[in-house]
Amino acid sequence: MTLTLNNRSQNKESSLTQALRQIQQLNSKIQELEQQHQDYVQKQQNLIAAIAEICVSPMQEIQALRILIYRGEAACRQYLRSVLVKQRKNS
């Protein structure tokens, strides 16, 4: 009888230990994802500031923002580089 109670107690403790470990892993993953999100938001804010600085016309700004929204950061940076190249050629 005592052996059975000890086994049950150990099983419960093992399950609780497992659950605690899983909670800790999930918390670590949440923190990692929150940091990635903060990094992403910061990149987007920097890119929007660059759009405002580089683009000389409202149409260029609109185009850059559309590219950012629909095609992503890399495509937007490529567009901004092409705008800079055109500006240098015109100077």
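**Here we look at the pattern of salt bridges**
In this structure the tally under the stated criterion is 2 salt bridges. Of the charged contacts, one joins Glu 32 and Lys 29 as a salt bridge, the two residues approaching to 3.7 Å between their closest N and O atoms. Of the two residues, Glu 32 and Lys 29 are both situated in helix H1 (residues 2–54); the distance of 3 residues between them amounts to about one turn of the helix. Ionic pairing is found between Arg 77 and Glu 73, a salt bridge with its closest N-O pair at 3.1 Å. Of the two residues, Arg 77 and Glu 73 are both situated in helix H3 (residues 73–90); the distance of 4 residues between them amounts to about one turn of the helix. For Arg 77, a relative accessible area of 34% corresponds to the partly exposed category. Accessibility expressed as a relative area gives 23% for Glu 73, which makes it partly exposed.

**Description of the nonpolar core**
Listed in full, the 12 residues of the largest apolar core are Leu 47, Ile 51, Ile 54, Cys 55, Ala 64, Ile 67, Leu 68, Ala 75, Cys 76, Tyr 79, Leu 80 and Val 83. With 5 residues, the single largest contributor to this core is H3. Those residues within four positions of Tyr 79 in sequence are excluded, and the remaining contacts are Gln 60, Gln 63, Ala 64 and Ile 67.

**Some remarks on the packing of helix H2 (residues 58–71) against H3**
Close contact between H2 and H3 brings their axes to 7 Å; oriented N to C, the two are set at 155°. Comparing their axes, H3 and H2 come out roughly antiparallel. The hand of the H2/H3 crossing is right-handed. On H3, the residues touching Gln 60, Gln 63, Ala 64, Ile 67, Leu 68 and Arg 71 of H2 are Glu 73, Ala 75, Cys 76, Tyr 79, Leu 80, Val 83 and Gln 87.

**Here's the deal with H2**
An ideal rise of 1.5 Å per residue puts 20 Å on 14 residues; H2 measures up with 19 Å between its terminal C-alpha atoms. For H2, every residue scored as buried is listed here: Gln 60, Ala 64, Ile 67 and Leu 68. Viewed end-on, H2 has its buried residues packed into an arc of 100°, placing them on one side of the element. Seen from the open side of H2, the exposed residues pointing more than 90 degrees away from its buried face are Pro 58, Met 59, Ile 69 and Tyr 70. Where H2 ends, the next residue or the one after it, Gly 72, has phi of about 105°, a positive value.

**With respect to the side chain of Gln 44**
Position of Gln 44 relative to the elements: it lies in helix H1. Residue classification places Gln 44 among the buried positions, given a relative accessible area of 13%. Gln 44 has contacts with Leu 68 and Glu 73, leaving out every residue within four places of it along the chain.

Definitions and limits used
What you see as residue numbers is a count from 1 along each chain, following the sequence as written. A pLDDT threshold of at least 70 governs which residues receive local features in this predicted model, and a stricter bar of 80 or more applies before side-chain atom pairs are shown or counted, although totals over entire chains, interfaces and linings include all residues. In computing side-chain properties, one takes all heavy atoms of the structure into account and sets aside hydrogens as well as water. Note on definitions: salt bridges are taken to be side-chain nitrogens of Lys or Arg within 4 Å of carboxyl oxygens of Asp or Glu. Secondary structure elements are taken from DSSP: a helix is a run of H or I of four residues or more, a strand is a run of E of two residues or more, and numbering for both begins at the N terminus. The buried label goes to any residue with under 20% of its type's maximum accessible area, the exposed label to any with over 50%, and the partly exposed label to all in between, with areas taken from a 1.4 Å probe on protein chains only. Only buried Ala, Val, Leu, Ile, Met, Phe, Trp, Tyr and Cys residues count toward a nonpolar core, and they belong to the same one when joined by side-chain atoms within 4.5 Å. In this analysis, two residues are considered to be in contact whenever any of their non-hydrogen atoms come within 4.5 Å of each other. Note on definitions: angles span 0 to 180 degrees between N-to-C directions of axes, and those axes are lines fitted to C-alpha atoms, for helices only across the stretch in contact. Geometric relationships in this document are graded by angle, where less than 35 degrees denotes roughly parallel, more than 145 denotes roughly antiparallel, 65 to 115 denotes roughly perpendicular, and other angles denote oblique. Two helices that cross are described as forming a left-handed crossing if the nearer one is turned anticlockwise from the farther one by less than a right angle, and a right-handed crossing if clockwise. Expected helix span is computed as 1.5 Å times (number of residues minus one). In this description, one arc is meant: the one made by directions from the helix axis to the C-beta atoms.

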